[in-house]
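Below are the chains, spelled out letter by letter.
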Amino acid sequence: MCGIVGYVGQKQALEVVVAGLRRLEYRGYDSAGVAVIADGTLAVRKRAGKLVNLETLLGSDPMPDSTTGIGHTRWATHGGPTDRNAHPHVSEDGRVAVIHNGIIENFALLRAELEAIGVTLSSDTDSEVAAHLLSAELVRTDGDLPEAMRRVCRRLEGAFTLLAIDRATPDLVVGARRNSPLVVGVGDGENFLASDVAAFIEHTREALELGQDQVVAITPDAVVVTDFDGQPVDATVFHVDWDASAAEKGGYDLFMLKEIAEQPKAVADSLRGRITAGHRLQLDEMRIDESVLREVSKVVVIACGTAAHAGMVAKYAIEHWTRIPVEVELASEFRYRDPIVGPDSLVIAISQSGETMDTLMALRHAKSQGARTLAICNTVGSTIPRESDAVLYTYAGPEVAVASTKAFLTQIVAAYLIGLYLGQVRGTMFEDEIRRILDELADMPRRVDLVLDTTEPVRALARELVAAPSVLFLGRHVGYPVALEGALKLKELAYMHAEGFAAGELKHGPIALIEDGVPVVVVVPSPRGRAVLHDKIMSNVQEVRARGAVVIAIAEEGDEAVAAFADHIIRIPAVPTLMQPLVATVPLQVFACEMATARGLDVDQPRNLAKSVTVE
Ligand code: F6R
């Protein structure tokens, strides 16, 4: 939430910062703003709404040349999405400009304190206090911006990334972080600060990870990191292994369409290097000792939204393969219910961004209880993997569209690899069984490709149903989380009432929602797998059909039994039961994307949402 960019170097800062904001806009699009230092003064422009509004303003009211600047794209928390609440915020004396991501929890107290000494605050945000506090500390520290920042940070509670510039020190940008993301881009005669490497990837692929409670000062030729007490810190260097083109639309109209199309590659990349020539599983990243894994008595998956659905899919597989009980818990609920976890629990945090605050807080709680923690994450250098005992990266490449697609498939793959690894280490699976499943996984990119080749019927169906007030999704077994995911995609993109149900649960209440013409999407289990699942769902289909539902079956090739009960059939390749989510989800993603497009909505940036949810 909120995208942050800072630049100092030889180039026009405004151009670098606005280009960076364009790449970070998925993090929030309630307002955007920039500040640069020129001729000993600060110039600031900001506008409510998407970045394009700021760009229009910059066209009519240009900024002076400058090689030092900061920029912000906002997802509003405190204070509505207005011009005056847009960042940067400037101190009353016009000396410092500040941008912020996160929530300053003690802002009311600080605000009252500032007002009591006569400071006039000009926004409704929690963030603005930081600008005024900084300017006061600059006076006390004789203009030492990094030290002023450290002093201010020691007073702040909550989560924050802050960037500040001071008109008196034109070649310096100072950043700080606690519980919110901030990475450093290390260039040649220029340096960058950003919430995400995407902001500077076209300039440099060398980056530094910042830890908790650290302050960083960048000048054109130096990066200095300290903790909040001023002690020097060695930041971890990492190389970004994708280039700028990976974060561009590459000929697609929408990032979401591009990311849906990238799924075969994302799945293949997430398997690469993890299966030996002898078809054994080799997870070099698994820094948790095998002896510890042998003692694990339960697995707890913590995640939010789509990532939680991936966890729900994984539960079926991991329990089946390892006989270890698996709980899947929404991260936002986890730590508030006194969960039972301890040294013999393996807690798996699934997060595309690696920054989701709910998941991070749940992870910390699990660690505090002595649990072993393992992250499944797509973002190298992010907080959740850094704070976990081990990490299995999903190599999906940058996911820019707000709605998660390729991350979901790769999260399932990564969780399956963990399940198989546990089976291998604990000896609960035969080697040939593991080999067979790894071969099935290795074949999934091809199968997903087949689905992508045949999406036109599902698009046509979305257009046909564009006026439907509500769509229900049913599934059983691994099809149940797929149904939840299909409903989530439709809600967030098409703003339609959509709900996913376990098909057997329907008769316990939700069936009352069925009336003439209600579209019901049914994820049909393979009849070749556990036939009972197929038979049961066929009964559920008949129950809704009898009450007037329009049934859309997502069914495998060759399943002729569905024809008698479905109004529309979307075919997917026949795959083993546990692999079905990897193919069955794809038409649901396409359905939601097409529905939103047909409704004239912004698919990549749906209303009220942001990609990386860094507040609780
Ligand atoms: C839905 C979606 C969200 C995220 C959730 C977790 O399409 O994208 O539900 O899955 O906010 O985000 P990460 O995976 O970054 O922790």
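## Some details on the packing of aromatic side chains
Working definition: an aromatic ring pair is given by the centre-to-centre distance plus the angle between the planes.
Next up, step 1: A complete count under the given rule lists 4 aromatic pairs for this structure.
Next up, step 2: Ring geometry for Y7 against F192: centres 5.2 Å apart, planes inclined by 50°, an arrangement best described as tilted. Highlighted residues: Y7 in strand β1 (residues 3-8) and F192 in strand β10 (residues 191-194), separated in sequence by 185 residues.
Next up, step 3: Centroid distance F192 to F200: 5.8 Å. Interplanar angle 35°. Geometry classified as tilted. Across the pair, F200 and F192 agree in class, each one buried.
Next up, step 4: When the ring centre of Y29 is taken as origin, the NZ or CZ atom of K50, which lies over that ring, is 5.1 Å away.
Next up, step 5: The ring of Y495 has R607 sitting right over it, with the charged end atom 3.9 Å from the ring centre.

## Observations regarding the domain arrangement of the protein chain
Next up, step 1: Per the domain assignment, the segments making up the protein chain are domain 1 (3-247), domain 2 (255-442) and domain 3 (453-598).
Next up, step 2: For domain 1 versus domain 2, the distance between C-alpha centres works out to 33 Å.
Next up, step 3: Carbon and sulfur atoms supply 56% of the area buried between domain 1 and domain 2, which totals about 1,300 Å² over both sides.
Next up, step 4: For domain 1, the biggest contributors to the area lost against domain 2 are Y26, N179 and E209; these three give 34% of the whole.
Next up, step 5: At the junction of domain 1 and domain 2, the tally comes to 1 salt bridge.
Next up, step 6: A salt bridge links R386 to E209; the shortest N-O distance between them is 3.5 Å.
Next up, step 7: Run the count over domain 1 and domain 2 and you get 6 residue pairs in polar contact (both at pLDDT 80 or more).
Next up, step 8: In terms of residue class, the side of domain 1 that touches domain 2 is made up of 9 nonpolar, 4 polar and 3 charged.

## Focus on the site of the ligand
Next up, step 1: Around the ligand there are 14 residues in total, and S351, Q352, S353, T356 and E492 lie nearest to it.
Next up, step 2: Within the contact set of the ligand, an oxygen atom lies 3.3 Å away from a backbone nitrogen or oxygen of V402.
Next up, step 3: Mapped by element, the contributors of at least two residues to the shell around the ligand are α9 (305-322) and α17 (479-494).
Next up, step 4: Taken together, the residues of the shell around the ligand sort by class into 5 nonpolar, 7 polar and 2 charged.
Next up, step 5: Two domains share the shell around the ligand, each providing at least three of its residues, namely domain 2 (255-442) and domain 3 (453-598).

Rules used throughout
Residues numbered from 1 in each chain as written. Predicted model: local features only at pLDDT ≥ 70, side-chain atom pairs only at ≥ 80, totals over all residues. Heavy atoms only, no water. Phe/Tyr/Trp six-rings, centres within 6.5 Å; stacked < 30°, edge-to-face > 60°. Helix = DSSP H or I, 4+ residues; strand = E, 2+ residues; numbered from the N terminus. Buried < 20%, exposed > 50% of the residue type's maximum accessible area, 1.4 Å probe, protein only. Lys NZ or Arg CZ within 6 Å of the ring centre and 35° of its normal. Domains from an automatic or database assignment. Buried area = accessible area lost by both parts, 1.4 Å probe. Salt bridge = Lys/Arg side-chain N within 4 Å of Asp/Glu carboxyl O. Polar contact = N/O pair within 3.5 Å; in protein donor to acceptor, adjacent residues only side chain to side chain. Nonpolar A, V, L, I, M, F, W, Y, C, P; charged D, E, K, R; others polar. Near = heavy atom within 4 Å.

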